[in-house]
Amino acid sequence: MKKILLLPIAFLICFHLKAQPKGPAAYVNPFIGASTNIGKAGVFHGLGKTFPGATSPFGLVQLSPNTITGGDNGPGYSYEHKTIEGFAFTQMSGIGWYGDLGNFLVMPSTGPIFTNSGKENPAIKGYRSEYDKKTETARAGYYAVQLTDIHVKAEMTVAPHSGMIRFTFPENKQSRIQIDLARRVGGTSVAQYIKVVDDHTIEGWMRCTPEGGGWGNGDGKPNYTVYFYAQFSKPMKDFGIWNVNIPKGMDRHRESVESPAFQTLTANAEILKGSTEKEGAHLGFFTQFPTTAGEQVTMKAGISFVNIEGARANLEADIKDWNFEEVLNSTTALWNKALGKVKIEGATDDQKAIFYTALYHTMIDPRSFTDVNGNYPGGDGKIHQSVNFTKRTIFSGWDVFRSQMPLQTIVNPAVVNDMINSLVELADENGTRYLERWEFLNAYSGCMIGNPAVSVITDAYKKGIRNFNVPKAYEFARNSVEKFGNGDLGYSEGISNTLEYAYFDWCLSEFAQQLNKKADASKYLLRSKNYRNIFDPEKGWFRPKLVNGTWVEWPADGRLAQDYGCVESNPYQQGWFVPHDIEGMAKLMGGKEKAIADLKIFFERAPSNMMWGNYYNHPNEPVHHVPFLFNRLGVPWLTQKWARDICERAYHNSAEEGLVGNEDVGQMSAWYVLAASGFHPVCPGDNRYELSSPLFSRITFQLDPAYSKGKTFTIVTHNNSAKNKYIQSAKLNGKTYNKCWIVHQDISSGGVLELTMGAAPNLGWGLDN
């Protein structure tokens, strides 16, 4: 692939980084993956869909530019867009469904006021502005850009529960900061409230429900309220509220909000100058003032999902004054500490940018849902007090059980523990008593398939992460696999469902075994073999069955047919998902040699740029374990080859092709962090990691003493280079090591794994069981 060079951005990032302490945060390039470009991706799923704005590690606030409302644009931003409609305090990262959040949209303006956003098409004017791409700058905890239509520079930084925006205005008699309280990435909030508290302060809320679109265009059942407490550095002397008269019964989903009619409606809002309090269906607020050339006006806001008091407490705890640089330096320090948990040596600057940005992307979610006072919104609609854990949200289960959560068990085990507590307590609070597969701000969206929380809980428990209500977790995990599973037939609708349910049955069996529940362990182990029920010996592959037991007609494209019994994949891609019984899978396929030969074709026919295709398809999750199957099949040098190739071909230090597929809430980046470090699981829940081919000369993981016996685990490579990608020999803590895998206890106990690399495979290494 021809690499896209973002010279202006790279130059600006380097310029800013020189002024910063040279910690790992200095290498983060938040533009990596910040594009939804369907054309570049060649498929409707688009590209990385990350946001470039400021956030803190697992923070509640994400303060980022938004270039679009509507469409399949989860982050609200896409690098190729030419205008910005505002800067929102909440964002989603890397999701592949119709997005949500993008709330509390703040925008500077000058001259006459616009109450509609406008379109990138200049014929539909609004408060949005073109911007100078050369001035767009981002790093961990900071974003800045020059808005060219109004000649205003916007800079932003965050604290864990709050955000701060600094605008540098031109000389103007009527400058302004305005806030669209109704705005939302995938639609609109359906009700808002605002109150002017004093001449520097406003407070209020925005309620978001499925009637206003949002997550999955409403199908994700979003139901949340964002509370804010905001202050301006310049006194409010000339201010007001605008109110759009929303017709009774008007559809407020994504399609309606995207329409020209909606622009006309919102452009004709009633402006209530001097109004100090209002509740309505579509409100905005503005404060305006004269400015001198270069005058800076700053706004800061605390955000809460609990109440206004929480938003105020969040702001007062996070940002006590108006010192923008102090807040930025504090957040940079947080990122240096968080990213410093993994130290790499022997990497190029480009590799450092890719690696530390990937690690950064894995530390956005699961984000905190808890205020500084410990309050969080429960699944029963009541306020709960967090005592032993931080309530977290946005669990993209079908994606993150594969790499993201296994990575966090090493670098942030407390976060995994928090997420398990959050899912278990939510299932108790809302009365469902089963674990959600894609949780969004307490909503059971039901997105995707399987029972991924069961995998996460089992994997964590077996690794010693157990600070949660274990009996309750087991009960809800069992309820989950009974509610969603292969049932009495022994198979489900399609290949994807059947294979994944079989794996999650195995996970529950392992969890039961750990708890000495022998009857359940046997029962679910037997059910985990149900994947065999949909293997067609005649076709030599997995095939969907009808309820009556007959096969679904075989398509003309055979196992390359997208969506034939599969979710976002084809049978060739999904069919390799039997991580808990690879030996049994290979036997069905005609034995290990035949399976290896087929796998070679699977990789050799993948696109050179690793974009979406019918063979190995790195843009989507069902195949993320497949490069490591070669280890299990007795040819570890092929895992070394392909894991290294994917790292180099699918990840780049650029915006539009930095990630070949949706970031998927940390999963795409976590895969890279693990693979680039030289190990990755095939089967979360069995504690085994497959060794691959580290990119660097030394990788050191700092371990959490609350969960690990050791202080650090280090992987050292000798003679490593782009050509020398194959492991020749290994030592673990000074002793000769001839296994192509390690277990979690090898890492958590601390120590050193040494790998000697070479240009040709060593066919005799890594074969010990």
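Residues numbered from 1 in each chain as written. Predicted model: local features only at pLDDT ≥ 70, side-chain atom pairs only at ≥ 80, totals over all residues. Heavy atoms only, no water.

S.K.: Would you explain the overall build of the chain in this entry?
M.R.: Broken down by element type, the chain carries 21 helices and 39 strands. Here the chain has a C-alpha radius of gyration of 26 Å; the compact-globule value for 769 residues is 27 Å, and the two agree. Seen along its three principal axes, the alpha-carbon backbone of the chain occupies a region of about 75 × 60 × 50 Å. Across the 769 residues of the chain, 66% fall into the buried class. (Helix = DSSP H or I, 4+ residues; strand = E, 2+ residues; numbered from the N terminus. Rg over C-alpha atoms; globule rule 2.2 N^0.38 Å. Buried < 20%, exposed > 50% of the residue type's maximum accessible area, 1.4 Å probe, protein only.)

S.K.: I tried to follow the environment of I113 on my own but got confused; where do I start?
M.R.: Secondary-structure assignment places I113 in the loop between β5 (105-110) and β6 (129-130). Not counting residues within four places of it along the chain, the set of residues in contact with I113 comprises R176, Q178, W242, I271 and F286. (Contact = heavy atoms within 4.5 Å.)

S.K.: I keep staring at the pattern of salt bridges and nothing clicks. Help me out?
M.R.: Close approach of charged atoms allows side chains with opposite charge to pair. With the rule as written, the count across this model stands at 37 salt bridges. We note a salt bridge from D428 to R433, for which the minimum N-O separation is 3.1 Å. Given the relative accessible area of 26%, D428 is considered partly exposed. A single salt-bridge network, built from bridges that share partners, covers E425, D428, R433, K472 and E475. (Salt bridge = Lys/Arg side-chain N within 4 Å of Asp/Glu carboxyl O.)

S.K.: Which parts of the structure should I look at to understand the packing of aromatic side chains?
M.R.: Between two aromatic rings, the relevant description is the distance of the centres plus the angle of the planes. Inspection of every chain in the model, using the stated rule, returns 49 aromatic pairs. When the centroid spacing of 6.0 Å and the interplanar angle of 25° are considered together, the rings of Y193 and W205 count as stacked. Here W205 lies in strand β15 (residues 201-208) and Y193 lies in strand β14 (residues 191-198), a separation of 12 residues in the sequence. A residue is classified by how much of its surface remains accessible, and Y193, at 14% relative accessible area, is buried. We note R139 situated over the ring of Y142; from NZ or CZ to the ring centre the distance is 4.5 Å. Across from the ring centre of W205, 4.5 Å away, lies the NZ or CZ of R207, which sits over that ring. (Phe/Tyr/Trp six-rings, centres within 6.5 Å; stacked < 30°, edge-to-face > 60°. Lys NZ or Arg CZ within 6 Å of the ring centre and 35° of its normal.)

S.K.: Could you clarify how one ought to interpret the packing of helix α17 (residues 592-604) against helix α19 (residues 636-650) in this entry?
M.R.: Between two packed helices, both the angle of their axes relative to each other and the distance between the axes serve to describe the pair. At a minimum axis separation of 12 Å, α17 and α19 run at an interaxial angle of 15°. One way to sum up the angle between α17 and α19 is to call them roughly parallel. Pair α17 / α19 crosses with left-handed handedness. Residues I596, K600, F603 and E604 of α17 touch α19, and the partners they reach there are L638, W642 and I646. Looking at the contact of α17 with α19 residue by residue, the class counts come to 5 nonpolar, no polar and 2 charged. (Axes fitted to C-alpha atoms, helices over the stretch in contact; angles between N-to-C directions. Parallel < 35°, antiparallel > 145°, perpendicular 65-115°, else oblique. Left-handed = near helix turned anticlockwise from the far one by under 90°. Nonpolar A, V, L, I, M, F, W, Y, C, P; charged D, E, K, R; others polar.)

S.K.: What should I look at first to understand the packing of helix α12 (residues 470-483) against helix α14 (residues 518-527) in this one?
M.R.: Contact pair α12 / α14: the axes reach a minimum separation of 13 Å and the direction vectors enclose 30°. In this structure, α12 crosses over α14, and the sense of that crossing is left-handed. Contacts from Y474, R478, V481 and E482 in α12 reach D520, K523, Y524 and R527 in α14. Per-class residue counts for the contact of α12 with α14 are 3 nonpolar, no polar and 5 charged.

S.K.: Hey, could you run me through helix α4 (residues 260-267) in this one?
M.R.: Because the α-helix completes a turn every 3.6 residues, residues three or four places apart line up on one side. Listed in full, the buried residues belonging to α4 are F262, Q263 and T266. With its buried residues spanning 105° around the axis, α4 presents them on a single face. For α4, exposure combined with an orientation more than 90 degrees from the buried face picks out P260 and A261. As for α4, its buried residues are in contact with α3 (254-258). (Arc of directions from axis to C-beta.)

S.K.: Where do I start with the confidence of the model for the chain in this structure?
M.R.: Predicted coordinates in regions of low pLDDT should not be interpreted in detail. For the chain, per-residue confidence averages 95 on the pLDDT scale, and 97% of positions sit at 70 or higher. With pLDDT under 50 throughout, residues 1-21 is counted as low confidence; its partners more than four residues away or in other chains account for 33 contacts. (pLDDT = per-residue confidence, 0-100.)

S.K.: I would appreciate a short explanation of the sheet that holds β14 in the present structure.
M.R.: Think of a sheet as strands paired side by side through backbone hydrogen bonds, with each pair either parallel or antiparallel. The strand order β7-β8-β9-β10-β21-β16-β15-β14-β19 describes an open sheet built from 9 strands, whose pairing is antiparallel. In this open sheet, the two edge strands, each paired with only one partner strand, are β7 (137-139) and β19 (277-280). Shown here is a sheet whose adjacent strand axes are inclined to one another by a mean of 15°, direction ignored. Each of β9 (152-159), β10 (162-169), β14, β15, β16 (224-232) and β21 (295-304) is contacted by helix α5 (residues 308-318), which is oriented at about 125° to β21, the strand it contacts most. Together, β7, β8 (142-147), β9 and β10 form the strand contacts of helix α6 (residues 324-339), whose direction differs from that of β9 by roughly 50°. (Pairing = 2+ DSSP bridges.)

S.K.: Explain the environment of G216 here, please?
M.R.: Locating G216 in the fold gives a position in the loop between β15 and β16. Overall, the relative accessible area of 2% leaves G216 in the buried class. Sequence-wise, G216 and Y98 are 118 residues apart; in three dimensions their C-alpha atoms are separated by 4.5 Å. With near-sequence residues (within four places) excluded, G216 lies in contact with W97 and Y98.

S.K.: I would appreciate a short explanation of the sheet that holds strand β28 (residues 438-440) in the present structure.
M.R.: The 3 strands are arranged β27-β28-β29 in an open sheet whose pairing can be described as antiparallel. Strands at the two margins of the open sheet, each flanked by one partner only, are β27 (395-396) and β29 (443-444). Where β28 and β29 come together, 2 bridges link them in antiparallel fashion. By the bridge assignment, F440 is partnered in β29 with A443.

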